[in-house]
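# Structural characterization, general
For reference, the chains in residue letters:
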Amino acid sequence: VSTQSTWGKGSDLGFLEKISSQHKDHPSFEKKTLWKSSFAIKHYAGVVKYEVENFLTKNKDMLKDQFKILFRSSKCPLTACLLPEPVDRKGKPPTVSAIFVAQIGALMDLINSTNPHWIRCIKPHPAKKPKMFHGFSSMGQMVSSGIIETVRIRMMGFPVRPKHSAFSERFCILAKGSVDKKNPEAVCRSILEACGYTLKDAQIGKTKVFLKSHIYQNVEKKKKKKKKKKKYSALI
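For clarity, every value in this text was computed on a predicted model and none was experimentally measured. Each chain has its residues counted from 1, running along the sequence as written. Note on the predicted model: pLDDT of at least 70 is required for a residue's local features to be given, and 80 or more for side-chain atom pairs to be given and counted; whole-chain, interface and lining totals, by contrast, use all residues. Only hydrogens and water are removed before side-chain values are computed, so all heavy atoms of the structure are retained for them.

### Structural notes on the environment of histidine 214
- Helix and strand assignments come from DSSP, with helices taken as H or I runs of at least 4 residues and strands as E runs of at least 2, each series counted from the N terminus. With respect to the helices and strands, the residue histidine 214 is situated in helix 11 (residues 213-235).
- Separated by 183 residues in the primary sequence, histidine 214 and lysine 31 have C-alpha atoms spaced 47 Å apart.

### Some words on the state of the cysteines
- Criterion for a disulfide: a pair of cysteine sulfur atoms at a distance within 2.5 Å. In this structure the tally under the stated criterion is 0 disulfides.
- Free of any disulfide, cysteine 188 has its nearest cysteine sulfur in cysteine 172, 10 Å distant.
- A 1.4 Å probe rolled over the protein chains alone gives each residue an accessible area, and that area as a share of the maximum for its type sets the label: buried under 20%, exposed over 50%, partly exposed in between. We classify cysteine 188 as buried; its relative accessible area is 0%.

### Points about the packing of aromatic side chains
- Any two of the Phe, Tyr and Trp rings considered here, Trp counted by its six-membered ring, make a pair once their centres fall within 6.5 Å; the pair's planes then place it as stacked at under 30 degrees, edge-to-face at over 60, or tilted in between. Here the structure, examined in full by the defined rule, presents 5 aromatic pairs.
- When the ring of phenylalanine 39 is compared with that of tyrosine 50, the centres are 5.4 Å apart and the planes differ by 25°; the resulting orientation is stacked. Here tyrosine 50 lies in strand 3 (residues 46-51) and phenylalanine 39 lies in strand 2 (residues 38-43), a separation of 11 residues in the sequence.
- Classification of tyrosine 50 by relative accessible area gives partly exposed; the value is 28%.
- Judged by centre distance (5.8 Å) and plane angle (90°), the rings of phenylalanine 171 and tyrosine 216 are edge-to-face. Of this pair, phenylalanine 171 sits in helix 9 (residues 164-171) while tyrosine 216 sits in helix 11, and the two are 45 residues apart along the sequence.
- Taking the relative accessible area as the measure of exposure, phenylalanine 171 reaches 1% and is therefore buried.
- The class for tyrosine 216 is partly exposed, based on a relative accessible area of 23%.
- An aromatic cluster is defined as three or more aromatic residues linked by ring pairs; in this entry it consists of Phe15, Phe29, Phe39 and Tyr50.
- Should the NZ of a Lys or the CZ of an Arg lie within 6 Å of a ring centre and within 35 degrees of the ring normal, that charge is described as sitting over the ring. Across from the ring centre of phenylalanine 158, 4.8 Å away, lies the NZ or CZ of lysine 212, which sits over that ring.

### Considerations on the sheet that holds strand 2
- DSSP calls a pair of strands paired once it identifies at least 2 bridges connecting them. Here 3 strands make up an open sheet; going across it, the order is 1-2-3 and the pairing antiparallel. Among the strands making up the open sheet, the edge pair consists of strand 1 (29-30) and strand 3.
- Inspection of the sheet shows strand 2 paired to strand 3 by 6 bridges, in the antiparallel sense. Note that in strand 3 the partner of isoleucine 41 across the bridge is valine 48.
- Contacts are assigned to residue pairs that have any heavy atoms within 4.5 Å of one another. Where helices are involved, their axes are fitted lines through C-alpha atoms of the stretch in contact, as for all axes, and angles between N-to-C directions lie from 0 to 180°. In the packing of helix 2 (residues 12-23) onto the sheet, the strands contacted are strand 1 and strand 2, and the crossing angle to strand 2 comes to about 45°.

### Some thoughts on unusual backbone geometry
- For lysine 131, which is not glycine, the phi dihedral falls at a positive 55°.
- By secondary structure assignment, the location of lysine 131 is in the loop between helix 6 (96-112) and helix 7 (135-144).
- Here lysine 131 falls in the exposed class, since its relative accessible area comes to 87%.

### Some thoughts on the packing of helix 9 against helix 10 (residues 184-195)
- Put simply, helix 9 and helix 10 touch, their axes get as near as 8 Å, and they point 50° apart. The angle between the axes of helix 9 and helix 10 places the two elements in the oblique class. When you trace helix 9 past helix 10, the crossing you get is left-handed. Counted together, His164, Ser165, Phe167, Ser168 and Phe171 of helix 9 and Pro184, Glu185, Val187, Cys188, Ile191 and Leu192 of helix 10 form the full contact between these two elements. Our angle categories are set so that under 35 degrees counts as roughly parallel, over 145 as roughly antiparallel, 65 to 115 as roughly perpendicular, and the remainder as oblique. It is the rotation of the near helix from the far one that decides the hand of a crossing: anticlockwise by less than a right angle makes it left-handed, clockwise makes it right-handed.

### A few points about the pairing of strand 2
- Two strands pair when backbone bridges link them, and strand 1 and strand 2 are joined in this way by 2 bridges, in the antiparallel orientation. Paired with glutamate 30 across the bridge in strand 2 is alanine 40.
- If you look at the hairpin formed by strand 2 and strand 3, you'll find 2 residues sitting between the two strands.

The structure is reproduced here in structure tokens:
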């Protein structure tokens, strides 16, 4: 896009012809014969079709420095911060796509230098109204973003992994008979045996207990039930 924008004879259709010849064999690129001014990209979430009309015009940063100076000199704080400060540059000003590529590069450098934690955001409905939830739309977003697949994989494994000491201390009330609390691993085995779980439900490692999510929730319920029963017996 930048090459066509800076080239005097560049055009939208010229840009389309160039990317079609360069990426025609790419599995994520699609250009049908009947599409005279469009192409499609097969994104992770689905196929997105793009129209090249006015691509080059939109790619040029047409905002003059005089406008930026005018806005930033406003006495209204909101208006003054709407536009960035003009930057002294030599030669032709960078295009919108060139600025975007530079920003993405800086973002990736920042991400690679840290340990980011991602938060998935779901748009509950297409309308901009409160207290609304569109189940079909939300499910489509969770499927396309990989959340459902992640949940399925986690359910197949053992996502809950407390240490022997923490698990035995928390659920020792469920252990069979008298157990040696100085041996957390033995207490953990006793708890799982008393609950009747198999190796498909929970397993004991060298330092941790591995449980499926629903199994851990069941253990919590059994603990509450046992404590409630003991409390009732003490009252009698």
